[in-house]
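Geometric and topological summary
These are the residues of each chain, in order.
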Amino acid sequence: QVQLVESGGGLVQAGDSLRLSCAASGRTFSAYVMGWFRQAPGKEREFVAAIRWNTGFTNYADSVKGRFTISRDNAESTMYLQMNSLKPEDTAVYYCAADRRGPISTTSGEYDYWGQGTQVTVSS
């Protein structure tokens, strides 16, 4: 069983930065896809970024390209989302997710494990 725990959310002002972390445990191999999704009130969960664990291949939503960076620390089994130049529209609960299968996906239904979420609020 894979356990995912997010941390690093908070309240910031527009233009500020945050780094989210997702600590994974219970993994038996590293060939996973891991990603970040977010969900704002009244909105469906949307893809933010994903990374292929073994290769480091990444994919980003258009809305965050150039501002957010996804990365992973293999030794610590931790994934990060560095969020720069934050905008009020980035306000959401951010979820860490993991996919047992190799192909990278932007669809939440393809992911097998989910963290509890961490709130990011960006004020004007």
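See above for the structure.
Quick summary incoming for the structure in this document. Bear in mind the structure is a predicted one, so any value in this text is a computation, not a measurement. Here, residues in each chain are numbered from 1, in the same order as that chain's written sequence. Only residues with pLDDT of at least 70 get local features here, since the model is predicted, and only at 80 or more are side-chain atom pairs given and counted; chain-wide, interface and lining totals rely on the full set of residues. As a rule here, side-chain values cover all heavy atoms of the structure and leave hydrogens and water aside.

Turning our eyes to something else, we now look at unusual backbone geometry. The backbone phi angle of serine 85 is positive, close to 50 degrees, even though this residue is not glycine. Each helix is a run of H or I in the DSSP string that is no shorter than four residues. Each strand is a run of E no shorter than two, and both are numbered from the N terminus. Mapped onto the elements, serine 85 comes out in the loop between strand E8 (78-83) and strand E9 (92-99). The buried label applies to any residue whose accessible area, calculated with a 1.4 Å probe on protein chains only, is under 20% of its type's maximum; exposed applies above 50%, and partly exposed to all values in between. Overall, serine 85 belongs to the partly exposed group, its relative accessible area being 42%.

Right, let's talk about the state of the cysteines for a bit. Criterion for a disulfide: a pair of cysteine sulfur atoms within 2.5 Å. Inspection of the entire model under this criterion finds one disulfide. In this model, cysteine 22 is linked to cysteine 96 through a disulfide, with the two sulfur atoms separated by 1.9 Å. Of note, the bridge from cysteine 22 to cysteine 96 carries an S-S torsion of about -70 degrees and is left-handed in sense. Pair noted here: cysteine 22 is in strand E3 (residues 18-25) and cysteine 96 is in strand E9, with a separation of 74 residues, a long-range link. For cysteine 22, a relative accessible area of 0% gives the class buried.

Turning our eyes to something else, we now look at the pattern of salt bridges. Just to be clear on terms, a salt bridge is a Lys or Arg side-chain nitrogen sitting within 4 Å of an Asp or Glu carboxyl oxygen. This structure, assessed with the given rule, holds seven salt bridges. Across the salt bridge formed by arginine 38 and glutamate 46, the nearest N and O atoms sit 2.7 Å from each other. Residue aspartate 62 pairs with lysine 65 through a salt bridge whose shortest N-O separation is 3.1 Å. On the accessibility criterion, aspartate 62 (65% relative accessible area) is exposed. A cluster of three or more residues bridged by salt bridges with shared partners is formed by Arg38, Glu46, Arg67 and Asp90.

With that out of the way, let us pick up the pairing of strand E5 (residues 46-52). Summarising burial for E5: five of the seven residues are buried, a large majority. For two strands to be treated as a pair, DSSP must find no fewer than two bridges joining them. Where strand E4 (residues 33-39) meets E5, six bridges bridge the pair, whose relative direction is antiparallel. Bridge pairing in E5 links arginine 38 to glutamate 46. Count of turn residues in the E4/E5 antiparallel hairpin: six residues, of which glycine 42 carries a positive phi of about 75 degrees. With three bridges connecting them, E5 and strand E6 (residues 58-60) associate as antiparallel partners. By the bridge assignment, alanine 50 is partnered in E6 with asparagine 59. Remark: five residues form the turn of the hairpin made by E5 and E6, two consecutive strands paired antiparallel; glycine 56 in that turn has positive phi of roughly 80 degrees.

As far as function goes, none of this settles anything; it's purely spatial.
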